Amino acid sequence: TVYRASTTAPVNIAVVKYWGKRDAKLNLPTNSSLSVTLSQADLRTLTTASCSARYPASEGDSLLLNGEPSDVSGARTQACFRELRSRRAALEAADPSLPKLSTMPLRIVSENNFPTAAGLASSAAGFAAFVRAIANLYELPASPSELSLIARQGSGSACRSLFGGYVAWRMGDKADGSDSMADQVAEASHWPEMRALILVVSAAKKGVSSTSGMQQTVATSGLFQERITKVVPKNMELMEKAIAEKDFPAFAEVTMRDSNSFHATCADTYPPIFYMNDVSKAAIRAVETINANVGRTVAAYTFDAGPNAVIYYLEKDTEAVVGTFYHVIGDTDGWKKDVLKGLKPTMSLDEGVAGILKNGVSRVILTGVGEGPIKTDEF
Ligand code: DP6
């Protein structure tokens, strides 16, 4: 017998950023964070986990990522395997009639529906799907929050991809990390009008990885202490209130301020780390122009550990936001015809800003808030 289970898991983009570890081994953060889960119609990882007594023990556990064999010997992947296996072993010990899946080698097959070349953080969706798929295979009675404890050890941001909608990762304060997990702040259906326009920016070279970048920031930035003790706790509070009240201007201001604060600590790292480039900065200027022209805040930018811009907006403001960028960037891959239909170029951007965006954006992704992992039969 081959036992199998499949799941999808979504990408999430933080509006209050995780940046800094207080324990690198357990992957415990220096601050809480909050993200929006994005729709799996546009961005998702599909993962199948299988195990069998017939799989040769000598091969051990394996992972096929987008068709390529991938190394599973890393400490983070091993931690996920170990945690999931020990939970299964406990079930088997309690009920001897269960098949001994915990003793069988695991084969994991994982695929993204978006090109890795897009430079989008796929580790969040990847580890969330990995953990969810094995938990399904093992029929673990664990809640998404419990599974988030495991996914966190694979990649911090992955713990937030176990839920849909609006998700917080509570930093916790226990040394063993047992209270550092994700919970859902609001369902996607609470505020379904949230949209995201992602401007994929072609970077000349791969920048500093988030794992290494945040360690350097913790070790060298003075500004960082201010961020984790004052800025983030306040932003978490304001963001949860903005989401509860569906207050977009408040959501937008915290999103932009928190992205700016995170990138300021990167610039304050010694030597400094720069994730945003000229195209990213042009996207910031464009958002400011759109908000100024409309006369209220209709768009909010945020940047992770790379130059891509994620711009949040509400569906009713599609014309002002998407219309403006489409008018400037033109027919790049990823625009959706149904969204563009009838959009008029309502405002013009500064010529310099427009030129940089036109040349520097290689692809766009139009998406919105979405659901958490979905069990599937597709193998
Ligand atoms: C800037 O989750 O990739 O995207 O825990 O070392 O795997 P590791 O880091 P990772 O860091 C994400 C950083 C960020 C902000 C965020 O997603 O909150």
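Residues numbered from 1 in each chain as written. Predicted model: local features only at pLDDT ≥ 70, side-chain atom pairs only at ≥ 80, totals over all residues.

Time to look at the overall build of the protein. When helices and strands are tallied, the protein shows ten helices and 16 strands. Relative to the globule expectation of 21 Å for 379 residues, the C-alpha radius of gyration of the protein, 21 Å, shows essentially globular dimensions. Taken over the C-alpha atoms alone, the protein extends approximately 70 × 45 × 40 Å along its principal axes. Taking all 379 residues of the protein together, 49% fall into the buried category. (Helix = DSSP H or I, 4+ residues; strand = E, 2+ residues; numbered from the N terminus. Rg over C-alpha atoms; globule rule 2.2 N^0.38 Å. Buried ≥ 20, exposed ≤ 12 C-beta atoms within 10 Å, placed from the backbone.)

The description of two helices packed together rests on the angle between their axes and the distance between the axes. One way to put it is that helix H7 (residues 278-294) packs onto helix H8 (residues 318-329) with a least axis distance of 10 Å and a crossing angle of 135 degrees. Taken together, H7 and H8 sit at an angle that is classed as oblique. Remark: the crossing between H7 and H8 carries right-handed chirality. Facing Ala286, Ile290 and Val294 of H7, the residues of H8 in contact are Ala320, Val321, Thr324 and Phe325. By residue class, the composition of the contact of H7 with H8 is six nonpolar, one polar and no charged. (Axes fitted to C-alpha atoms, helices over the stretch in contact; angles between N-to-C directions. Parallel < 35°, antiparallel > 145°, perpendicular 65-115°, else oblique. Left-handed = near helix turned anticlockwise from the far one by under 90°. Contact = placed C-beta atoms within 7 Å. Nonpolar A, V, L, I, M, F, W, Y, C, P; charged D, E, K, R; others polar.)

Within the secondary structure, Asp317 is located in the loop between strand S14 (309-314) and H8. For Asp317, a count of 19 C-beta atoms within 10 Å corresponds to the partly exposed category. With 23 residues separating them along the chain, Asp317 and Val294 place their C-alpha atoms 9.6 Å apart.

Not every one of the 15 residues close to the ligand is listed here, only the nearest: Ala14, Tyr18, Ser155, Gly156 and Ser157. For the shell around the ligand, the class distribution of residues is five nonpolar, eight polar and two charged. (Near = placed C-beta within 6 Å.)

Soluble globular proteins tend to bury their nonpolar side chains together. Ala128, Val131, Ile134, Leu197, Ile311, Val321 and Leu357 are the most contacted members of the largest nonpolar core, which has 109 residues in total. In terms of residues, this core owes the most to one element, helix H2 (residues 123-137), which gives eleven residues. If we skip the residues at most four places from it in the chain, Val321 touches Leu197, Ile290, Val298, Ala299, Ile311 and Tyr313. (Core = buried A, V, L, I, M, F, W, Y, C linked by C-beta atoms within 7 Å.)

The buried fraction of strand S2 (residues 12-16) amounts to five of the five residues, a majority that puts the element mostly inside the structure. Note that S2 and strand S5 (residues 33-37) share four bridges and pair antiparallel. Among the inter-strand pairings, Val16 is bridged to a residue of S5, identified as Leu34. (Pairing = 2+ DSSP bridges.)

This part is about the packing of helix H1 (residues 75-94) against helix H3 (residues 144-154). Contact pair H1 / H3: the axes reach a minimum separation of 7 Å and the direction vectors enclose 155 degrees. Considered as vectors, H1 and H3 are oriented roughly antiparallel to each other. Between H1 and H3, the residues in contact are Arg76, Thr77, Ala79, Cys80, Glu83 and Leu84 and Ile150, Gln153 and Gly154, respectively. Here the contact of H1 with H3 is composed, by residue class, of four nonpolar, three polar and two charged.

If you trace the backbone, Asp338 turns up in helix H9 (residues 337-340). For Asp338, a count of 7 C-beta atoms within 10 Å puts it in the exposed group. On a C-alpha basis, the gap between Asp338 and Lys21 in space is 42 Å, while along the polypeptide they are 317 residues apart.

The pLDDT averaged across the protein works out to 95; a share of 97% of its residues lies at or above 70. Across the predicted assembly, pTM comes out at 0.97 and ipTM at 0.99. (pLDDT = per-residue confidence, 0-100.)

Here we take up helix H5 (residues 223-244). With 22 residues, H5 ought to run about 32 Å at 1.5 Å a step, and its terminal C-alpha atoms sit 30 Å apart, in line with that. Along H5, the helix axis deviates most sharply at Val231, where the bend reaches about 35 degrees; the proline Pro233 sits within four residues downstream. For H5, every residue scored as buried is listed here: Phe224, Arg227, Val231, Val232, Asn235, Met236, Met239, Ala242 and Ile243. The inward-facing, buried residues of H5 abut S2, S5, strand S10 (166-170), strand S11 (181-186), helix H4 (210-220) and helix H6 (248-267). Immediately downstream of H5, the backbone of Lys246 shows phi near 50 degrees, a positive value. (Expected span 1.5 Å × (residues − 1). Bend = angle between axes of the 7 residues up to and from the residue.)

For H1, built from 20 residues, the straight-helix expectation of 28 Å at 1.5 Å per residue is met to within 8% by its first-to-last C-alpha distance of 29 Å. Of the residues making up H1, those classed as buried are Cys80, Phe81, Leu84, Arg87 and Arg88. Viewed end-on, H1 has its buried residues packed into an arc of 135 degrees, placing them on one side of the element. Pointing more than 90 degrees away from the buried face of H1 are the exposed residues Ala75, Arg82, Ser86, Ala90, Ala93 and Ala94. (Arc of directions from axis to C-beta.)

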